[in-house]
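# Working through the structure, step by step
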Amino acid sequence: SALMLLAVEASCGYVIILTALYWCTECMPLAVTGLLPVILFPMMGIMESSEVCTQYMKDSNMLFVGGLLMATAVEHWNLHKRIALRVLLLVGVKPALLMMGFMGTTAFLSMWIGNTASTAMMLPISNAVLKQLCDTEAQAEEREMDLISLRGSEVEESPEARERRLKREAKYLKLDKGMSLSVCYAASIGGTATLTGTAPNLILKGQVDELFPGNGDIINFASWFGFSFPNMVLMLIISWLWLQFMYLGCNMKKLFGCGMNKDGDKEAYGVIKNEYKKLGSVSFAEGCILVLFVLLVLLWFTREPGFMPGWAAVLFNKDKPYVTDGTVAMLMSTLFFVIPSQLPRCGGYSEDGKPLKAPPTLLNWDVVHKKMPWNILLLVGGGFALARGSETSGLSQWLGESLAPLQSIPPVAISFLLSLLIATFTECSSNVATTTLFLPILASMAVAIKLHPLYVMLPCTICASLAFMLPVATPPNAIAFSYGNLKVMDMAKAGFVLNIIGVITINIALNTWGTAMFNLNTFPDWANVTTIPTP
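In this report, the structure presented in the accompanying data block is examined. Counting of residues starts from 1 at the beginning of each chain's written sequence and follows it residue by residue. Where totals are concerned, whole chains, interfaces and linings use all residues; where local detail is concerned, this predicted model gives features only for residues with pLDDT of at least 70, and gives and counts side-chain atom pairs only at 80 or more. Computation of side-chain values covers all heavy atoms of the structure but excludes hydrogens and water.

## Brief notes about the overall build of the protein
A run of DSSP states H or I qualifies as a helix once it reaches four residues; a run of E qualifies as a strand once it reaches two. Both are numbered from the N-terminal end. When helices and strands are counted, the protein shows 24 helices and zero strands. The atom set for the radius of gyration is the C-alpha atoms, and the globule formula is 2.2 Å times the number of residues raised to the power 0.38. Against the 2.2 N^0.38 benchmark of 24 Å for 535 residues, the protein shows a C-alpha radius of gyration of 26 Å, consistent with a compact globule. Summarising its shape, the C-alpha atoms of the protein cover approximately 100 × 70 × 45 Å along the three principal directions. To be clear on the numbers: accessible area is Shrake-Rupley with a 1.4 Å probe, and residue cover counts the displayed protein chains and nothing else. Just so you have it, the protein exposes about 24,300 Å², and 68% of that area is on carbon and sulfur atoms. When charges are counted, neither His nor the chain ends are considered; positive counts come from Lys and Arg and negative counts from Asp and Glu. In this description, the location of a charge corresponds to atom NZ of lysine, CZ of arginine, CG of aspartate or CD of glutamate. Computed over 36 positive and 38 negative side-chain charges, the inter-centroid distance for the protein is 7 Å.

Written out as C-alpha cells, the structure reads:
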C-alpha cells in the first residue's frame, strides 16, 4: 500500500507540473488549463469529481465577482475617467509632477478597477497631454525663428533650428517612454494595495482559508490593506524617483519648473480641461455609483477592523463567521441591478403621449456579460483545486518533509530568496499562474520548518505582481508597449531595477509592520495541520 500511496502523490505531482507547463507556455487559454484538474484528478483516483468541482466557487471567488461587478459599473459609466482627470487638474503639468500625477492616479484606480482597464484609460490621456506640450514648445520656437528670419531672408530651416528641433523631439520621445512606463508600472503596483485589486491577492486569501481552515479570517480586506497599502506607497515613490532619474534627468529646478515656459503648461492643461468638459456634469448614475462604492469600501473596512469589534461580529457572527467580505461585496453589487440610472419622475406620460418606461438600472446583464473577465474565475478555481488535490493526495506533506533541511537557514534569507525567485518567474508566466503554483508549496514548506505560513506567502503574493521587465509579463505592459515608442530593452532596463526595489521594499515591510500586524515571528496554532486527510 506504500507504493500505492506514492503513486497517488506522484500522479498529483504530474497534474501540477502539467498545469504549470501549460500555464507558462499558454498553449491553451489559461482558463481552460485551469479546468484540467476536473478531468485529471478523478481519472487518476486522486479526488472525487464532486469534491474537485466545489473548489471552483469558494467564498473568495464570490468576493472577486463582487469586486469585478463594482469595477464594471465604474467603467461602464466612465466614472474612472472623471476621477483621473480631476486629479490631473489638481496636480498640474510640470513634467515631474505630471508623472507623479499619472502614477498616483493610475495606482489609485487600479486598487479598485482592473489593472488593465486603468492602464488602457490613462495611456491615451498621457499621450495627448505630452503631444500638446511638445507642439506648444515647437510653436514657441517657430515664432522665435520667424522673428529671426524676418531680419534675415533665409526660408529653409537653418542648421541651428534643425538642431533644436531634433533635440526637442529626442527630449519628448524620452519623456513619452518614461510616461508610458510609469503608467503601466503604477497599475501593477497599485493593484497590490487592496484584496480585490488583482487576482493573486485573492488567491492568497483562498489558499490560506483552504489549507488552514482554523485561521480565524486572518486575511481580510482590512488586514490586507493595512499591510499592503503603506508598502504600495513606498514602492510607488521609489519607482517615481527611479523613472525620474532615468527619463527626466536630475535637474530639480527644471523638473518642478520655476519660471519655465508657461504657455506650454497652459495649453497642455487645456487638453486635460477639455477632456473633463467633454464628460459633462456629474450624472445621477455616477453619483449613485460613487456612493455605493464608498459604502462598499467602508463596510469592508469596518467589518472586522482588528483593533475593535466590527459590525459583523456584533450583528451576525456571534458564534460562527457567517458574514464574510464576499457577502458584503455581493450585497452591494446586486444593488447595481436595482437602482435606476436616472432620477425616477412621477407622472404617467411623456411629451408624445406614450406611457413612460422605467429608466434602465445602473448595470444590466448584457454589459456585465461583455465586460466581465470570467476566465479569471476558472483560473483561480483551478488553483484552489490543485491546492486541495496536493493536500488530499499527501503530496504537500511529502513536499514539506523534503524541504525540512531549510530549517537551518534564517527566515529573513528564506523570504528574500523566495521573493527573488518569484519576481523572476512571474516575468515569464502570468501573475495568477505564478501565485497559484507557488503558494501551496510555500505553505507546506512553512509548516515543515515551523515558520509562520504568511511569512513566505505574503511576500510571494505581492512579488507575483512585480512583472516589470517584459512586454508579455502582464497585460498593462503589453498595452504600454503597443503604443509604439518603447523598445523591449527600455522596459527591461527600467523594470530590472524596479523588480529589485520591489523585492527589497516588500521584505522591509514584512520584517517591520508585517511582523507586528500578523505576529509573524510565532508559529500559530492554526498552522499546525498534522491532521492531513490520508486517502
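## Some words on the side chain of Thr435
Along the chain, the position of Thr435 falls in helix 21 (residues 431-448). Throughout this description, buried means an accessible area under 20% of the type-specific maximum (1.4 Å probe, protein chains only), exposed means over 50%, and partly exposed covers the range between. Classification of Thr435 as buried rests on a relative accessible area of 3%. Ignoring any residue separated from it by four or fewer positions in sequence, one finds Thr435 in contact with Pro200, Ile203, Pro440, Thr461 and Ala464. The contact rule is simple, with two residues in contact once any of their heavy atoms fall within 4.5 Å.

## Observations regarding the packing of aromatic side chains
Pairs were defined over the aromatic rings of Phe, Tyr and Trp, the Trp ring being its six-membered one, requiring ring centres within 6.5 Å. Orientation was assigned from the angle between planes: stacked under 30 degrees, edge-to-face over 60, tilted for the rest. Applying the stated criterion across every chain yields a total of 15 aromatic pairs. Seen from their ring centres, Trp242 and Phe245 are 5.6 Å apart, and the 35° between their planes marks the pair as tilted. Taken together, the positions of Trp242 and Phe245, both in helix 11 (residues 221-248) and three residues apart, correspond to about one turn of that helix. Judged by relative accessible area, which is 18%, Trp242 ranks as buried. Taking the centre distance of 6.2 Å and the plane angle of 40° together, the rings of Trp365 and Trp374 count as tilted. Since its relative accessible area comes to 32%, Trp374 is described here as partly exposed. Through successive ring pairs, a cluster of aromatic residues spans Phe108, Trp112, Phe221, Phe225, Phe229, Phe293, Trp300 and Phe301. Criterion for a charge above a ring: Lys NZ or Arg CZ within 6 Å of the ring centre, and within 35 degrees of the ring normal. If you follow Arg86 out to its NZ or CZ, it ends over the ring of Tyr276, 5.2 Å from the centre.

## Focus on helix 22 (residues 453-463)
Of all 11 residues making up helix 22, 11 are buried, and the element is well covered by its neighbours. Of all the residues in helix 22, the buried ones are Pro453, Leu454, Tyr455, Val456, Met457, Leu458, Pro459, Cys460, Thr461, Ile462 and Cys463. In this fold, the buried residues of helix 22 make contact with helix 10 (199-211), helix 11, helix 20 (411-428), helix 21 and helix 24 (488-518).

## Some remarks on the packing of helix 22 against helix 24
Axis separation between helix 22 and helix 24 bottoms out at 10 Å; the angle between their running directions is 140°. Between helix 22 and helix 24, the angle falls in the class oblique. Considering only the axes of helix 22 and helix 24, their crossing is right-handed. Counting all contacts with helix 22, which are made through Leu454, Tyr455, Leu458, Pro459, Ile462 and Cys463, the residues of helix 24 involved are Val503, Ile506, Leu510, Asn511 and Phe518. Considered class by class, the residues forming the contact of helix 22 with helix 24 number 10 nonpolar, one polar and no charged. Note on geometry: axes are lines fitted to C-alpha atoms, helical ones only across the stretch in contact, with angles between N-to-C directions running from 0 to 180 degrees. Roughly parallel here means an angle under 35 degrees, roughly antiparallel means over 145, roughly perpendicular means 65 to 115, and every remaining angle is called oblique. Crossing handedness is read from the near helix: turned anticlockwise from the far helix by less than a right angle, it gives a left-handed crossing, and turned clockwise, a right-handed one. Note on residue categories: nonpolar means Ala, Val, Leu, Ile, Met, Phe, Trp, Tyr, Cys or Pro, charged means Asp, Glu, Lys or Arg, and polar means any other residue, Gly included.

## Here we look at the pattern of salt bridges
Any Lys or Arg side-chain nitrogen located within 4 Å of an Asp or Glu carboxyl oxygen qualifies as a salt bridge. One pass over the structure, following the stated rule, counts 13 salt bridges. Linking Asp217 and Arg303 is a salt bridge whose minimum nitrogen-to-oxygen distance equals 2.7 Å. Of this pair, Asp217 sits in the loop between helix 10 and helix 11 while Arg303 sits in helix 14 (residues 284-303), and the two are 86 residues apart along the sequence. Overlapping salt bridges bring together Lys205, Asp209, Asp217, Arg303 and Asp325 as one network.

## Here we look at the environment of Gly382
With respect to the secondary-structure elements, Gly382 resides in helix 18 (residues 375-392). Apart from the residues lying within four places of it in its own chain, the contact partners of Gly382 are Gly34, Pro37 and Tyr56.

## Examining the nonpolar core
Grouping buried Ala, Val, Leu, Ile, Met, Phe, Trp, Tyr and Cys residues that are joined through side-chain atoms within 4.5 Å yields what is termed a nonpolar core. The biggest cluster of nonpolar side chains holds 155 residues, and the ones touching the most others in it are Tyr185, Phe212, Leu442, Val456, Met457 and Leu458. Sort the elements by how many residues they give to this core and helix 11 lands first, with 13 residues. Excluding its chain neighbours within four sequence positions, the residues that come into contact with Met457 are Leu204, Gln207, Val208, Phe212, Leu439, Leu442 and Ala443.

## Here's the deal with unusual backbone geometry
Of note, Glu26 is a non-glycine position whose phi angle comes to about 50°, a positive value. Mapped onto the elements of the fold, Glu26 is located in the loop between helix 1 (2-25) and helix 2 (30-33). You can call Glu26 partly exposed: its relative accessible area is 49%. You will see that Lys450, though not glycine, has its phi angle at about 55°, which is positive. Mapped onto the elements of the fold, Lys450 is located in the loop between helix 21 and helix 22. Given the relative accessible area of 48%, Lys450 is considered partly exposed.

## Overview of the environment of Gly270
By the secondary structure assignment, Gly270 is in helix 13 (residues 262-278). Classification of Gly270 by relative accessible area gives partly exposed; the value is 23%. Distance in space between the C-alpha atoms of Gly270 and Gln132 is 9.1 Å, their sequence separation being 138 residues.

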